[in-house]
Amino acid sequence: MEIGFIGAGKMAGTLMEKVDGYDGARVTAVCDVDEDAAREAAEPREAAAYADHTDLYEGADLDAVVVAIPPFAYDDQVTMAAERGIDVFVEKPVALRVEQGEETLDAIEEAGIVSGTGYVFRYDGITERARELLEDREISLLAGRYWSGLLASSWGNELELSGGEIVTRTTHIYDMARYLAGDVDRVSAASTDRIGTEEIDYPDATTATLEHENGVVTTVSSGVTSPTWTAELDVLGDDLHLHLDYPSQTLTGQVGPEAIDYHAPTDRYGREIETFLEAVERGDPDHVRSDYADALRTLSVNWTVIDAAADGEPAAVGETRRS
């Protein structure tokens, strides 16, 4: 399979290496607005380099394309792939705003292509094991946190370019809440006013309560002033407590009389790319764990949290279509 890349930054580079390691696929085209970056990634792979994605689609014969660009850079990169029947993997967030993403989703669904997205925690071994343990048990409460420092890129300091910390990073915890407990109806949230830093134009700490459609409740906190990376989720339910620690990839807790102490080092990026490429080979969109429509629902929760915190009022999660 011939795979194209739109974006040649750090995340794109990581995903290219995973494609390189997949038997039966190779990177044959790389596009970036920084043409030097595109060439630097393309030349070792004997791939074509482009500075404009329109030229890439006109010049390359692709089976699939991976789009890994900053949120503000989304335009018609995914729509053009769909119009040509090219399967597409989109790094999260899949759009800057939900409305933009819905237009893209129209094109994907009309074309019937395979779509995958970068909600990479779904591919961790600890997530898989937690879902197995929860399969026959009711849960009532999830509590998650994503604490870290500022985003490395300057565009990450501006809400209207990045969606802020919630859209770019804590989105993984919100996605895990949806993955384990189902879709969300209603959100309430509160935030600080840049107590820890003046570099950003959005809150440096936010807490949210999510009301799921099935009655489960979730709390999520996020912050950008921590010197260490914390990405954790606790699950409480019917005679159970599970603790998922994503940096260490460990699952601990107890289910009934059974103590849980499970360590599962996982090449999460390798697994998400492998799963997507297998889906492309099979023509099976159900093979991926988060398609574009599903990722768009997580994005909708993210922006509802941001708006609820800004307004100081609970808010219903905006309706997005479901594939």
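Our structure is the block above this text.
Residues numbered from 1 in each chain as written. Predicted model: local features only at pLDDT ≥ 70, side-chain atom pairs only at ≥ 80, totals over all residues. Heavy atoms only, no water.

## Regarding the overall build of the chain
Logical step 1: Helix and strand content of the chain: ten helices and 15 strands.
Logical step 2: On C-alpha atoms alone, the chain measures out to a radius of gyration of 20 Å, which is about the 20 Å that the 2.2 N^0.38 rule sets for 323 residues.
Logical step 3: C-alpha extents for the chain along the principal axes are approximately 55 × 45 × 40 Å.
Logical step 4: Looking at the chain as a whole, 56% of its 323 residues are labelled buried.
Logical step 5: Summing over all exposed atoms, the chain offers an accessible surface of approximately 13,800 Å²; the carbon and sulfur share of this is 44%.
Logical step 6: Distance from the positive charge centre (24 side chains) to the negative charge centre (66 side chains) of the chain: 4 Å. (Helix = DSSP H or I, 4+ residues; strand = E, 2+ residues; numbered from the N terminus. Rg over C-alpha atoms; globule rule 2.2 N^0.38 Å. Buried < 20%, exposed > 50% of the residue type's maximum accessible area, 1.4 Å probe, protein only. Areas by Shrake-Rupley, 256 points an atom, 1.4 Å probe, with all protein chains shown as cover. Lys, Arg positive; Asp, Glu negative; His and termini not counted. Charge placed at Lys NZ, Arg CZ, Asp CG, Glu CD.)

## Digging into empty space enclosed by the protein
Logical step 1: Overall, the coordinates contain one cavity of 30 Å³ or more when judged by the stated rule.
Logical step 2: By volume, the largest cavity is sized at about 40 Å³.
Logical step 3: In this structure, the largest cavity is lined by Tyr74, Asp75, Val78, Val94, Ala95, Gln100, Gly101, Thr104 and Tyr292.
Logical step 4: At three residues, helix α5 (residues 98–111) tops the list of elements feeding residues into the lining of the largest cavity.
Logical step 5: Its residues assigned to classes, the lining of the largest cavity shows five nonpolar, three polar and one charged. (1 Å grid on protein atoms, 1.4 Å probe; cavity = no way out; pocket = protein on both sides within 12 Å on 5 of 7 lines; lining within 4 Å. Points joined across faces, edges and corners; volume = space filled by probe spheres on them. Nonpolar A, V, L, I, M, F, W, Y, C, P; charged D, E, K, R; others polar.)

## Remarks on the layout of surface pockets
Logical step 1: In this structure, the largest pocket encloses a volume near 1,200 Å³.
Logical step 2: Looking at the largest pocket, it is lined by 38 residues, and the ones nearest its centre are Lys10, Met11, Lys92, Ser153 and Trp155.
Logical step 3: Breaking the lining of the largest pocket down by element, the ones donating at least two residues are α1 (10–20), α8 (164–181) and α9 (268–282).
Logical step 4: Among the elements that make up the lining of the largest pocket, the one with the highest residue count is α1 (four residues).
Logical step 5: In this structure, the second largest pocket encloses a volume near 240 Å³.
Logical step 6: In terms of lining residues, the second largest pocket is bounded by 21 residues, among which Leu159, Tyr202, Pro203, Thr206 and Ile306 are the most central.
Logical step 7: Sorting the residues of the lining of the second largest pocket by element identifies α8, β9 (205–212), β10 (217–223) and α10 (292–311) as the ones contributing at least two each.
Logical step 8: In terms of residue class, the lining of the second largest pocket is made up of ten nonpolar, six polar and five charged.

## Quick look at the packing of α8 against α10
Logical step 1: Here α8 crosses α10 at 115°, and the two axes come no closer than 9 Å. If you check the angle between α8 and α10, you find them roughly perpendicular. As α8 packs across α10, the resulting crossing turns out to be right-handed. Within the contact between the two elements, α8 uses Ile166, Val167, Thr171, Tyr174, Asp175 and Arg178 and α10 uses Asp294, Arg297, Thr298, Leu299, Val301, Asn302, Trp303, Val305 and Ile306.
Logical step 2: Its residues assigned to classes, the contact of α8 with α10 comprises eight nonpolar, three polar and four charged. (Axes fitted to C-alpha atoms, helices over the stretch in contact; angles between N-to-C directions. Parallel < 35°, antiparallel > 145°, perpendicular 65-115°, else oblique. Left-handed = near helix turned anticlockwise from the far one by under 90°. Contact = heavy atoms within 4.5 Å.)

## Comments concerning α5
Logical step 1: Taking 1.5 Å of rise per residue, 14 residues should cover 20 Å, and α5 covers 20 Å from first to last C-alpha, within 8% of that figure.
Logical step 2: The complete set of buried residues in α5 reads Val98, Gly101, Thr104, Leu105, Ala107 and Ile108. Buried residues of α5 fall within an arc of 165° about the axis and therefore sit on the same side. Facing away from the buried side of α5 by more than 90 degrees, the exposed set consists of Glu99, Glu103 and Glu110.
Logical step 3: On the buried face of α5, the contacting elements are α4 (77–83), β6 (115–117) and α10.
Logical step 4: Positive phi appears at Gly112, one or two residues downstream of α5, with a value of about 70°. (Expected span 1.5 Å × (residues − 1). Arc of directions from axis to C-beta.)

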